[in-house]
Amino acid sequence: MLYDDQNIFARIIRNELPAIKVYEDEQVLAFMDIMPQAEGHTLVIPKTPAITLLDLPPDAAAYTIQIVQKIAQAMKVALDVQGIVLMQLSGASAGQTVPHVHFHLIPSSVHELGKHALCMGDQERIKALAEKIKAEL
Ligand code: 5GP
């Protein structure tokens, strides 16, 4: 499968679509999930065009996971959460819906995931949570 450079996350990386960002550098972007599975649900993506984790060059994967850890540490303090689920779906068969590799950081329990219908989050509330995470970074 070829990488589609018009996918939503590629467009967010190019600033063609808005996102509530918590972290950005040359290689990685972290932003709030638009349909959070729990308060504070954050996505971390490498800027490298890759569909799944399996397509991502090892150097980019290694750097991205360091940022995943950094964001998780900030979320734990900023949102005062005890546990964070790190989820990464590789392939539509696994449930991946956006064809650009991404890591979910979900302040929740694996036993709670999937219990609630997914819907658009309250954007003002999400912005407030993002500000807390940013302040901790
Ligand atoms: P996947 O199911 O591919 O692992 O996860 C894709 C995630 O991207 C979902 O949690 C979904 O809510 C989120 N998402 C889809 N479209 C957008 C968007 O336009 N903006 C943001 N911030 N998140 C999105």
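As recorded in an unreviewed UniProt entry, the protein goes by Histidine triad (HIT) family protein and comes from Acinetobacter kookii.

Colleague: Explain the UniProt feature "active site" (unreviewed entry) in the protein to me, please; I cannot follow it from the model alone.
Modeller: Mapped onto the present numbering, the UniProt feature "active site" (unreviewed entry) falls on His102. Along the polypeptide, histidine 102 turns up in the loop between strand E4 (85-87) and strand E5 (103-106).

Colleague: Any chance you could explain helix H2 (residues 58-78) here in plain terms?
Modeller: Each α-helix winds once per 3.6 residues, and so residues spaced three or four apart point in a common direction. Taking 1.5 Å as the rise per residue, H2 with 21 residues should run 30 Å; its terminal C-alpha atoms sit 30 Å apart, in good agreement. Turning to H2, its buried residues are Ala60, Ala61, Thr64, Ile67, Val68, Ile71, Ala72, Ala74, Met75 and Ala78. Down the axis of H2, the sector holding all buried residues measures 165°, keeping them to one side. Residues of H2 that are exposed and point over 90 degrees away from its buried face: Pro58, Asp59, Gln69 and Val77.

Colleague: Quick question: what am I supposed to make of the site of the ligand here?
Modeller: Near the ligand you find 16 residues, and of these Met32, Asp33, Thr97, His102 and His104 are the closest. In the environment of the ligand, a nitrogen atom lies 2.9 Å from a nitrogen or oxygen atom belonging to the backbone of methionine 32. Between the ligand and the protein, one listed contact pairs an oxygen atom with a side-chain N or O atom of histidine 104 at 2.8 Å. Every element with two or more residues in the shell around the ligand is listed here: helix H1 (8-13) and strand E2 (28-32).

Colleague: Is there a simple way to think about the pairing of strand E1 (residues 21-24) in this case?
Modeller: Along any regular strand the residues' side chains alternate between the sheet's two faces. With 3 bridges connecting them, E1 and E2 associate as antiparallel partners. Within E2, the position partnered with glutamate 24 by the bridge is leucine 29. Taking the residues between adjacent antiparallel strands as the criterion, E1 and E2 are bridged by 3 residues.

Colleague: Could you clarify how one ought to interpret the UniProt feature "domain: HIT" (unreviewed entry) in the protein in this entry?
Modeller: In this structure's numbering, the residues bearing the UniProt feature "domain: HIT" (unreviewed entry) are residues 8-115. As annotated, residues 8-115 has a helix share of 25% and a strand share of 19%, and its two end C-alpha atoms lie 25 Å apart.

Colleague: What exactly am I supposed to notice about the packing of aromatic side chains here?
Modeller: For any pair of aromatic rings, the description rests on two quantities: the centre-to-centre distance and the angle between the ring planes. Per the stated rule, a full pass over the model turns up 1 aromatic pair. Between the aromatic rings of phenylalanine 9 and phenylalanine 31, the centroid separation amounts to 5.3 Å while the plane-to-plane angle is 80°, which identifies the pairing as edge-to-face. Taken together, the residues span a long stretch of sequence, with phenylalanine 9 in helix H1 and phenylalanine 31 in strand E2 at a distance of 22 residues. Among the residues examined, phenylalanine 31 registers a relative accessible area of 3% and is labelled buried.

Colleague: Even after reading the chapter, I still don't get the environment of methionine 120, so can you show me in this structure?
Modeller: For methionine 120, the location among the structural elements is in the loop between E5 and helix H3 (123-136). Sequence separation between methionine 120 and serine 108 is 12 residues; the distance between their C-alpha atoms is 18 Å. Residue contacts for methionine 120: discarding those within four places in its chain leaves Ile34 and Met35.

Colleague: What exactly am I supposed to notice about unusual backbone geometry here?
Modeller: Most of the time, phi is negative for any residue but glycine, and the peptide bond is trans. Non-glycine residue asparagine 15 carries a positive phi angle of around 60°. Structurally, the position occupied by asparagine 15 is in the loop between H1 and E1. Unlike most non-glycine residues, aspartate 80 shows phi in positive territory, near 55°. Take aspartate 80: it is sitting in the loop between H2 and E4.

Definitions and limits used
- Residues numbered from 1 in each chain as written.
- Predicted model: local features only at pLDDT ≥ 70, side-chain atom pairs only at ≥ 80, totals over all residues.
- Heavy atoms only, no water.
- UniProt positions renumbered as here; feature names shortened; annotations may be inferred.
- Helix = DSSP H or I, 4+ residues; strand = E, 2+ residues; numbered from the N terminus.
- Expected span 1.5 Å × (residues − 1).
- Buried < 20%, exposed > 50% of the residue type's maximum accessible area, 1.4 Å probe, protein only.
- Arc of directions from axis to C-beta.
- Near = heavy atom within 4 Å.
- Polar contact = N/O pair within 3.5 Å; in protein donor to acceptor, adjacent residues only side chain to side chain.
- Pairing = 2+ DSSP bridges.
- Phe/Tyr/Trp six-rings, centres within 6.5 Å; stacked < 30°, edge-to-face > 60°.
- Contact = heavy atoms within 4.5 Å.

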